[in-house]
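So you can see what is in the structure, the chains are spelled out below.
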Amino acid sequence: MTYRRIVLAARPDAAPGPEHFRLETAPLPMPGEGQFLARTIWLSLDPYMRGRMSAAKSYAKPVEIGETMQGGCVADVIASRHPGFAVGDVVLAPMGWASHGLSDGVGVVKLDPSIAPLSTALGVLGMPGLTAWVGLNDIAAAHPGETIVVSAATGAVGSLVGQLAKRKGMKVIGLAGGAEKCAYAMAELGYDICLDHRAENLTALIADAAPQGIDIYFENVAGKSLEATLPNLKTHARIALCGMIAWYSGAENPPPAPLIWGAILRQRLSVRGFIIFDHYDRLPDFLAEVAPLVQSGAITYRESIAEGLENAPAAFLSLLRGGNFGKQLVRVGPDPA
Ligand SMILES: NC(=O)c1ccc[n+]([C@@H]2O[C@H](COP(=O)([O-])OP(=O)(O)OC[C@H]3O[C@@H](n4cnc5c(N)ncnc54)[C@H](OP(=O)(O)O)[C@@H]3O)[C@@H](O)[C@H]2O)c1
């Protein structure tokens, strides 16, 4: 009886590649007293995992070389010596990039498969969804009638930010990679307009889309999207700084600090970075509002699914280059629901 896991093989200095991961097989551990063993169904792939591959100081500890890559999973319990978890329970658990894992129940939540498809616990009704909802409501303090720009507009976080902002009665402008994603953003997610972030004249295109200026920038990307949005922000505009994926592996020709600091000063911008771990007290309010909207189909979502644990590294590398279209998942084992 063995299980499979993907470990960090080496730390990347710049963009990671397949050589930074290694697939291993190991004996399947049996649960000790107070533990359960679970089988992974869905593995979530998220941009933050690039940070965990680096030894640089951050808000969370890095993955050590030879350790299993960290990650959130939906899994089912297959053996238990834990009083709170029984065989057959489906859980949201930080099992990492592995086919099976032991848990003592810390950080584990039982899921009700009747609420929504299990994979949504890692996407629209999970960490990325909560990030979108908290970022829009609590961090950006968005109001009806305001104009918002959302980068990575069709991704796990951005796709919900856009839909929630539209439901609030805001003017919603998306930035996304390519015509297909932009068309989807407008046709399915309700963006008023979505612009390709690779367009040469992006600053001017944003100005045309928002002649009165922008009240809120929901920042998922940095890079060119930031450079093009900054000059279009109104005086006293707010930036909800959620992520900066364009710079996670280092920046090519980053804008000079005086450009960014100068804009913040002259336009009197409020910039608020946030890490969702600090906001899990908001989870019940988020689920109370958004879960019924997902159940009724009023909020839509899209998933990119890689098949098999062995394909997790390639799917992750693709995510970092915009190869995903919606929430990136790996189907590690059959979904009983
Ligand atoms: N603060 C928090 O607690 C928190 C929590 C969750 C996520 N985040 C952050 O939120 C952001 C979005 O996360 P997600 O899970 O929703 O990922 P995602 O949007 O589903 O996937 C990442 C997307 O980023 C875009 N991208 C990648 N490289 C880019 C580049 N160089 N320039 C422009 N766009 C690029 C790509 O979209 P396009 O094809 O459209 O370019 C890609 O599809 C990330 O920065 C992530 O780190 C933060």
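Residues numbered from 1 in each chain as written. Predicted model: local features only at pLDDT ≥ 70, side-chain atom pairs only at ≥ 80, totals over all residues. Heavy atoms only, no water.

Chemist: Explain the side chain of Asn 324 here, please?
Modeler: The residue Asn 324 is located in the loop between helix H9 (312-319) and strand E15 (327-331) in this model. Overall, the relative accessible area of 11% leaves Asn 324 in the buried class. Setting aside chain neighbours within four positions, we find Asn 324 in contact with Lys 181, Ser 304, Ser 318 and Leu 319. (Helix = DSSP H or I, 4+ residues; strand = E, 2+ residues; numbered from the N terminus. Buried < 20%, exposed > 50% of the residue type's maximum accessible area, 1.4 Å probe, protein only. Contact = heavy atoms within 4.5 Å.)

Chemist: Help me understand the nonpolar core in this model?
Modeler: Soluble, globular proteins show a tendency: their nonpolar side chains are buried together. Formed by 40 residues in total, the largest nonpolar core has its most connected members in Leu 136, Ile 148, Leu 160, Val 161, Met 170, Phe 218 and Val 290. Taken together, the elements giving at least two residues each to this core come down to helix H2 (127-139), strand E8 (147-151), helix H3 (156-167), strand E9 (171-176), helix H4 (179-187), strand E11 (214-219) and helix H8 (283-296). For this core, the leading source of residues is H2, giving 6 residues. Of all hydrophobic cores here, the second largest spans 29 residues; its members include Phe 36, Leu 43, Val 108 and Leu 309. (Core = buried A, V, L, I, M, F, W, Y, C linked by side-chain atoms within 4.5 Å.)

Chemist: Quick question: what am I supposed to make of the pairing of E11 here?
Modeler: Each regular strand carries side chains that alternate between the two faces of the sheet. Across the 6 residues that make up E11, a large majority, 6, are buried. In this sheet, E11 lies alongside E8 in parallel orientation, the contact comprising 3 bridges. Residue pairing for E11: Val 150 is matched across the bridge by Phe 218. Relative to strand E12 (residues 233-241), E11 runs parallel, the two sharing 5 bridges. Looking across to E12, one finds that Tyr 217 is bridged to Ile 239. In the classification by handedness, the crossover that spans E11, the intervening helix H6 (residues 223-229) and the parallel E12 is right-handed. (Pairing = 2+ DSSP bridges. Right-handed = clockwise from strand over helix to strand, strands pointing away.)

Chemist: I keep staring at the site of the ligand and nothing clicks. Help me out?
Modeler: For the ligand, the set of nearby residues contains 27 residues, the closest of which are Lys 181, His 197, Asn 220, Tyr 248 and Asn 324. Note that an oxygen atom of the ligand is positioned 2.7 Å from one of the backbone N or O atoms of Ile 276. Within the side chain of Asn 324, an N or O atom sits 2.5 Å from an oxygen atom of the ligand. In isolation the ligand offers 900 Å² of accessible surface; the protein chains occlude 90% of this area. Of all the secondary structure elements, the ones that give two or more residues to the shell around the ligand are H2 and H3. A class-by-class count of the residues in the shell around the ligand yields 17 nonpolar, 9 polar and 1 charged. (Near = heavy atom within 4 Å. Polar contact = N/O pair within 3.5 Å; in protein donor to acceptor, adjacent residues only side chain to side chain. Areas by Shrake-Rupley, 256 points an atom, 1.4 Å probe, with all protein chains shown as cover. Nonpolar A, V, L, I, M, F, W, Y, C, P; charged D, E, K, R; others polar.)

Chemist: Just checking my understanding: could you explain unusual backbone geometry for this structure?
Modeler: Peptide bonds are trans in most cases, and residues, glycine excluded, mostly fall at negative phi. With a phi angle near 45°, Ala 152 is a residue other than glycine that sits in the positive phi range. By the element assignment, Ala 152 lies in the loop between E8 and H3. Ala 152 sits in the partly exposed class, given a relative accessible area of 31%. Even without a glycine there, the phi angle at Asn 253 is positive, about 45°. By secondary structure assignment, the location of Asn 253 is in the loop between E12 and helix H7 (257-266).

Chemist: Got a minute to help me understand the sheet that holds E9 in this structure?
Modeler: Strand pairing in a sheet relies on backbone hydrogen bonds. The paired strands run either parallel or antiparallel. Pairing is parallel in the open sheet, where 6 strands are placed in the order E10-E9-E8-E11-E12-E13. The strands lining the two open edges of the sheet, one partner per strand, are strand E10 (193-196) and strand E13 (270-273). Between one strand and the next, the sheet's axes are offset by a mean angle of 15°, whatever the strand orientation. Sheet topology note: the E12/E13 ladder contains 4 bridges and is parallel. (Axes fitted to C-alpha atoms, helices over the stretch in contact; angles between N-to-C directions.)

Chemist: I tried to follow H8 on my own but got confused; where do I start?
Modeler: In an α-helix there are 3.6 residues to a turn, and that puts residues three or four apart on one side. For H8, which comprises 14 residues, the first-to-last C-alpha distance of 20 Å matches the rise-based estimate of 20 Å (1.5 Å per residue) to within 8%. In H8, a bend of some 30° at Val 290 exceeds every other bend along the element, and Pro 292, a proline, comes one to four places later. The elements touched by buried residues of H8 are H2 and H3. In the stretch just after H8, Gly 297 is the one whose phi turns positive, near 85°. (Expected span 1.5 Å × (residues − 1). Bend = angle between axes of the 7 residues up to and from the residue.)

Chemist: Explain the pattern of salt bridges here, please?
Modeler: Between side chains of opposite charge, a pair can form when the charged atoms approach closely. Applying the stated criterion across every chain yields a total of 14 salt bridges. Close ionic contact of Arg 11 with Glu 64 constitutes a salt bridge, the shortest N to O distance being 3.5 Å. In this pair, Arg 11 sits in the loop between strand E1 (2-8) and strand E2 (21-27) while Glu 64 sits in the loop between helix H1 (48-52) and strand E4 (73-80), placing the two residues 53 residues apart along the sequence. For Arg 11, a relative accessible area of 24% gives the class partly exposed. The partner of Asp 138 in a salt bridge is Arg 282, with the nearest N and O atoms 2.7 Å apart. Residue Asp 138 is found in helix H2, and its partner Arg 282 is found in the loop between E13 and H8; the two are separated by 144 residues along the sequence. Salt bridges linked by common partners bring Arg 5, Arg 22 and Glu 24 together as one network. (Salt bridge = Lys/Arg side-chain N within 4 Å of Asp/Glu carboxyl O.)

Chemist: Explain the state of the cysteines here, please?
Modeler: Simply put, disulfide is the name for a covalent bond between the sulfur atoms of two cysteines. Evaluated as defined, the whole model comprises 0 disulfides. For the unlinked cysteine Cys 194, the closest cysteine sulfur is that of Cys 182, found at 3.3 Å. (Disulfide = S-S within 2.5 Å.)

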